[in-house]
Amino acid sequence: MELVKWQFRNPYHDAQHDTLRTFTFGPHTVAMNQQPDQQIDLHQNTGFLIWDGAYILSKFLYTHAPLTNRSCLELGAGNALVSIVARLAGASRVMATDLAEYLDFIRSNVSQNKALPGSSVEIEVQELVWGSEGQDVGQFDVVVGSEILYLEGLHGALLETVRRAMHAESVAYFVYKDRALGEHTFQDTAVQHGFRVKELPRTFLDSEFQDDRYHLLRLQLSE
Ligand SMILES: C[S@@+](CC[C@H](N)C(=O)[O-])C[C@H]1O[C@@H](n2cnc3c(N)ncnc32)[C@H](O)[C@@H]1O
């Protein structure tokens, strides 16, 4: 029997409407629920779908980022695919955060994948509203977020949260799609907030997305 290589873009699946989706990372399959029946717009329910950027960031972390024995914080996790893959990639501590209404959804996806390697590390699930001072989660080695730069008005608050979660050696990675919603202004705002920002070459994106409008940013604190 001929083995067919798994591809993200599969004509037999409807990514926007399937309630169960599977993603392959090396020999591992991650099974994720989504809730496409929700009414989704820019300001509500976006976390109940798994956005392409979550796969792109997960694939980058699994393939390129040294996560072994490092702690990882996901912001705007929604479904938490990225957190689940961070644990699979060897992170020693993982925290998935979002607005309160997503926490049960995150827990259900985490629990669905508890048989995967790395599950001795319990994924912590916590509310974290960007810019909210009363919700300090401590510092992490790696901070990540996918498809969370589309609300330009929240860039400052998001960067405050990122800064508080980083120590001098931390690194943050963000994947976003340019939807002409002001996402590209995030880089300059980050520099103004005291970060060094680098857009990583497209070769770091999954091969199915290298020609697309996706971007991968790396942030570090300036000296
Ligand atoms: C487009 S979804 C992306 C979800 C997931 N990261 C993905 O790529 O599939 C944006 C996420 O950011 C979260 N979010 C939006 N505003 C937020 C805020 N002020 N504080 C924390 N999370 C927020 C949403 O709840 C949602 O889960």
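Up top is the structure.
Attention here is on the structure that accompanies the text. (Residues numbered from 1 in each chain as written. Predicted model: local features only at pLDDT ≥ 70, side-chain atom pairs only at ≥ 80, totals over all residues.)

1. With respect to the overall build of the chain
In step 1: The helix and strand inventory of the chain stands at 5 helices and 9 strands.
In step 2: Written out in order from the N terminus, the α and β elements of the chain read β-β-α-β-α-β-α-β-β-α-β-α-β-β.
In step 3: Counting only C-alpha atoms and orienting by the principal axes, one finds that the chain spans roughly 55 × 40 × 35 Å.
In step 4: Each of the 223 residues in the chain was classed as buried or not, and the buried ones make up 42%.
In step 5: Summarising the internal contacts of the chain: among those between residues at least 6 apart in sequence, 69% fall at separations of at least 24. (Helix = DSSP H or I, 4+ residues; strand = E, 2+ residues; numbered from the N terminus. Buried ≥ 20, exposed ≤ 12 C-beta atoms within 10 Å, placed from the backbone. Contact = placed C-beta atoms within 7 Å.)

2. Here's the deal with helix α4 (residues 155-165)
In step 1: Considered for burial, the residues of α4 that qualify are His 155, Leu 158, Leu 159, Thr 161, Val 162 and Ala 165. Summarising the axial view, the buried residues of α4 lie within an arc of 160°, below the 170-degree limit, and thus occupy one face.
In step 2: Elements in contact with the buried residues of α4: β3 (71-74), β6 (140-146), β7 (166-177), α5 (186-192) and β9 (214-221). (Arc of directions from axis to C-beta.)

3. Brief notes about the site of the ligand
In step 1: Neighbouring the ligand are 19 residues, the closest being Thr 46, Gly 47, Ala 54, Gly 76 and Gly 78.
In step 2: In terms of residue class, the shell around the ligand is made up of 10 nonpolar, 7 polar and 2 charged. (Near = placed C-beta within 6 Å. Nonpolar A, V, L, I, M, F, W, Y, C, P; charged D, E, K, R; others polar.)

4. Here we look at the sheet that holds strand β4 (residues 93-98)
Hydrogen bonds along the backbone pair up the strands of a sheet, which may run parallel or antiparallel.
In step 1: Pairing within the open sheet is mixed, and its 7 strands lie in the order β5-β4-β3-β6-β7-β9-β8. Single-partner strands in this sheet number two, and they are β5 (124-127) and β8 (195-199). Between one strand axis and the next, the sheet turns through 20° on average, direction left out of account.
In step 2: Summarising the sheet, β7 and β9 pair through 6 bridges and their orientation is antiparallel. Its bridge partner being in β9, Tyr 173 is matched across the sheet by Arg 218.
In step 3: Contacting β4 and β5, helix α3 (residues 103-112) crosses the sheet at an angle of about 170° to β5. (Pairing = 2+ DSSP bridges. Axes fitted to C-alpha atoms, helices over the stretch in contact; angles between N-to-C directions.)

5. Describing the nonpolar core
In step 1: Core analysis: the largest hydrophobic core is formed by 65 residues, its most contacted members being Leu 61, Leu 81, Val 82, Val 85 and Val 143.
In step 2: If you tally residues by element for this core, the top one is helix α1 (residues 52-63), at 7 residues.
In step 3: Residue contacts for Val 82: discarding those within four places in its chain leaves Ala 54, Leu 57, Ser 58, Leu 61, Glu 74, Ala 77, Val 144 and Ser 146. (Core = buried A, V, L, I, M, F, W, Y, C linked by C-beta atoms within 7 Å.)

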